[in-house]
Amino acid sequence: MDFVSIRIITGDVARLVEFYERATGVRATWATEDFAELRTPGATLAIAGTRTVPLFAPDSARPADNHSVIIEFRVDDVDLVHRNLTGFVTDFVNGPTTMPWGNRSLLFRDPDGNLVNFFTPVTAAAEEKFAR
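To keep things clear, this report deals only with the structure shown in the data block. Just so we're clear, the structure is a prediction, and the values are computed from it rather than from any experiment. (Residues numbered from 1 in each chain as written. Predicted model: local features only at pLDDT ≥ 70, side-chain atom pairs only at ≥ 80, totals over all residues. Heavy atoms only, no water.)

## Looking at the environment of Leu85
Following the sequence through the fold, Leu85 ends up in helix α3 (residues 78-85). Among residues more than four places away in sequence, those in contact with Leu85 are Arg22, Ala23, Phe92, Leu106, Phe108 and Phe118. (Helix = DSSP H or I, 4+ residues; strand = E, 2+ residues; numbered from the N terminus. Contact = heavy atoms within 4.5 Å.)

Spelled out as structure tokens, the structure:
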């Protein structure tokens, strides 16, 4: 089994795609006006409009209603990314902070309120864990 992607359901696909393209530097590939993907070497972030929800099951997902998932991206320098996102990201939850498990993390919300964590491994154990 391969973990392939996380899909965010949104009421405004173009807005959310533009946000993630700017925040990550990854260009999206559009399949339809209701579906785009940002592909990275490790996983894909899929962004889909509300019109796609009934294809799975009516009312099975609601936009801007996530209260339990954090979308995470490993970056080379989280402090540099924080400086670059300042003035663009409007809702920083926590500035760069070194966590007990060895990652330096930056937590913020996307325009739909989803939590996003950009992190850089900073201890030997964390660097080894994420070595490619």
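Now that the structure has been shown, we can carry on.
## Quick notes on the nonpolar core
By size, the foremost hydrophobic cluster in this structure holds 24 residues, and its most contacted members are Tyr20, Leu45, Ile47, Leu85, Phe108 and Phe118. Contributions of two or more residues to this core are made by α1 (13-24), β3 (35-39), β4 (44-49), β5 (70-74), α3, β7 (103-109) and β8 (115-121). For this core, the element with the highest residue contribution is α1, accounting for six residues. Of all hydrophobic cores here, the second largest spans five residues; its members include Ile9, Phe35, Ala48 and Val53. (Core = buried A, V, L, I, M, F, W, Y, C linked by side-chain atoms within 4.5 Å. Buried < 20%, exposed > 50% of the residue type's maximum accessible area, 1.4 Å probe, protein only.)

## Comments concerning the environment of Asp34
As for its position among the elements, Asp34 is in the loop between β2 (29-32) and β3. Between the C-alpha atoms of Asp34 and Gly113, which are 79 residues apart in sequence, the distance is 19 Å. Apart from the residues within four sequence positions on either side, Asp34 is in contact with Val13, Ile47, Ala48, Gly49, Arg51 and Thr52. At 2.9 Å, the side chain of Asp34 forms a polar contact with the side chain of Arg51. (Polar contact = N/O pair within 3.5 Å; in protein donor to acceptor, adjacent residues only side chain to side chain.)

## Focus on α3
Residues Val78, Val81 and Leu85 constitute the buried set of α3. Each buried residue of α3 lies within a common arc of 55° when the element is viewed along its axis, so the set occupies one face. Between the side-chain oxygen of the N-cap and the backbone nitrogen of Asp79 there are 3.1 Å, and the N-cap of α3 in question is Asp77. One or two steps after α3, the chain reaches Gly87, where phi turns positive at roughly 95°. (Arc of directions from axis to C-beta.)

## Topic: the layout of surface pockets
Computed from the structure, the largest pocket encloses a volume of approximately 700 Å³. Elements that contribute at least two residues to the lining of the largest pocket include exactly α1, β4, β5, β7, β8 and α4 (124-129). Broken down by element, the lining of the largest pocket gets its largest block of residues, five residues, from β5. Residues belonging to the lining of the largest pocket are distributed by class as follows: 18 nonpolar, seven polar and four charged. Put simply, the second largest pocket is a space of about 230 Å³. If you trace the second largest pocket, you find it lined by Ile6, Arg7, Ile8, Ile9, Ala61, Arg62, Ala64, Asp65, Asn66, Val69, Ile71 and Asn114. Per-element accounting of the lining of the second largest pocket gives the leading share, four residues, to strand β1 (residues 5-10). Partitioning the lining of the second largest pocket into residue classes produces seven nonpolar, two polar and three charged. (1 Å grid on protein atoms, 1.4 Å probe; cavity = no way out; pocket = protein on both sides within 12 Å on 5 of 7 lines; lining within 4 Å. Points joined across faces, edges and corners; volume = space filled by probe spheres on them. Nonpolar A, V, L, I, M, F, W, Y, C, P; charged D, E, K, R; others polar.)

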